[in-house]
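Overview (structure and organization)
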Amino acid sequence: MSGTNRADSRPLSPHLQIWRPHATMFASITHRITGMGLYFGTFLIAAWLIALATGPETYAQAEAVISCLPAQIILFVWTVAVLFHAAGGIRFLLWDGPHAGFEPKTASTVSVFLYVFAVLGSVAIWAAVLWL
């Protein structure tokens, strides 16, 4: 059929302009973004551990960098990402294994729970670390 200029008559798949935004879609997108962000945060934690193993002078420099406010904000966001990505991974395991939680209301409720869990869990972890 080479040389014909006929348009393909097959239907096109729906795209973003067709779908209405919903919690499950946002949770899936956030899961992918947090997965990518964890690479960067893990690099920072690894750099801190390497500084710890290198010696007291290097560790003091790394501690000074990590103690500043922008680094603390990055670490807090990294904590949110870790908790969100871990909880999202458990959600995917439940979807893939026992096929639980596929109903639209349940999936949306769990998606909102992921956000609440990640933020409140991070606040609790940081409050415990700063308080102790």
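If you're wondering where the values come from, they're calculated on a predicted model, not measured in any experiment.

Glancing now at the overall build of the chain. Each helix and strand in the chain was counted, giving four helices and zero strands. Ordered by position in the sequence, the α and β elements of the chain form the string α-α-α-α. Evaluated residue by residue, the chain yields a buried proportion of 23% over its 132 residues. A fraction of 75% describes how many contacts in the chain between residues 6 or more apart in sequence connect residues 24 or more apart. Here the chain has roughly 10000 Å² of accessible surface; of this, 74% comes from carbon and sulfur atoms.

What follows concerns helix α4 (residues 104-131). For α4, built from 28 residues, the straight-helix expectation of 40 Å at 1.5 Å per residue is met to within 8% by its first-to-last C-alpha distance of 40 Å. Looking at α4, one finds that the buried residues are A107, S111, L114, A118, G121, S122 and W126. Close packing links the buried residues of α4 with α1 (23-54) and α3 (69-96).

What follows deals with the confidence of the model for the chain. A residue-level look at the chain finds 87% of positions with pLDDT of 70 or above and a mean pLDDT of 88. By mean pLDDT, α1 is the weakest element of the chain at 91, and α4 is the strongest at 95.

This paragraph deals with the nonpolar core. Listed in full, the seven residues of the largest apolar core are A27, V80, L83, F84, A87, L114 and A118. Contributions of two or more residues to this core are made by α3 and α4. Examining the composition of this core, we find that four residues originate from one element, α3, more than from any other. Sequence-distant contacts of A118, defined by excluding residues within four places in its chain, comprise V80, L83 and F84.

Attention shifts here to the packing of α1 against helix α2 (residues 56-66). It is at 7 Å that the axes of α1 and α2 come closest, and there the two elements cross at 150°. Between α1 and α2, the angle falls in the class roughly antiparallel. On α2, the residues touching W48, A51, L52 and T54 of α1 are T58, Y59, A62, E63 and I66. Broken down by class, the residue content of the contact of α1 with α2 amounts to six nonpolar, two polar and one charged.

Let us now look at a nonpolar patch on the surface. Together, F26, I29, I33, M36 and Y115 make up an exposed nonpolar region whose accessible area comes to about 480 Å². For the nonpolar patch, the element with the highest residue contribution is α1, accounting for four residues. Here F26 lies in helix α1. On the accessibility criterion, F26 (43% relative accessible area) is partly exposed.

What follows concerns unusual backbone geometry. Working note: non-glycine residues mostly have negative phi, and peptide bonds are mostly trans. One non-glycine residue with positive phi stands out, namely H99, at about 55°. Locating H99 in the fold gives a position in the loop between α3 and α4.

Structurally, I66 can be placed in helix α2. The exposure class assigned to I66 is partly exposed, which follows from its relative accessible area of 21%. Distance from I66 to L44, taken between C-alpha atoms, is 9.1 Å for residues 22 residues apart in sequence.

Procedures and definitions
- Residues numbered from 1 in each chain as written.
- Predicted model: local features only at pLDDT ≥ 70, side-chain atom pairs only at ≥ 80, totals over all residues.
- Heavy atoms only, no water.
- Helix = DSSP H or I, 4+ residues; strand = E, 2+ residues; numbered from the N terminus.
- Buried < 20%, exposed > 50% of the residue type's maximum accessible area, 1.4 Å probe, protein only.
- Contact = heavy atoms within 4.5 Å.
- Areas by Shrake-Rupley, 256 points an atom, 1.4 Å probe, with all protein chains shown as cover.
- Expected span 1.5 Å × (residues − 1).
- pLDDT = per-residue confidence, 0-100.
- Core = buried A, V, L, I, M, F, W, Y, C linked by side-chain atoms within 4.5 Å.
- Axes fitted to C-alpha atoms, helices over the stretch in contact; angles between N-to-C directions.
- Parallel < 35°, antiparallel > 145°, perpendicular 65-115°, else oblique.
- Nonpolar A, V, L, I, M, F, W, Y, C, P; charged D, E, K, R; others polar.
- Patch = residues over 30% accessible without salt bridge, like charges linked within 9 Å, V, L, I, M, F, W, Y side chains within 5 Å.
- Salt bridge = Lys/Arg side-chain N within 4 Å of Asp/Glu carboxyl O.

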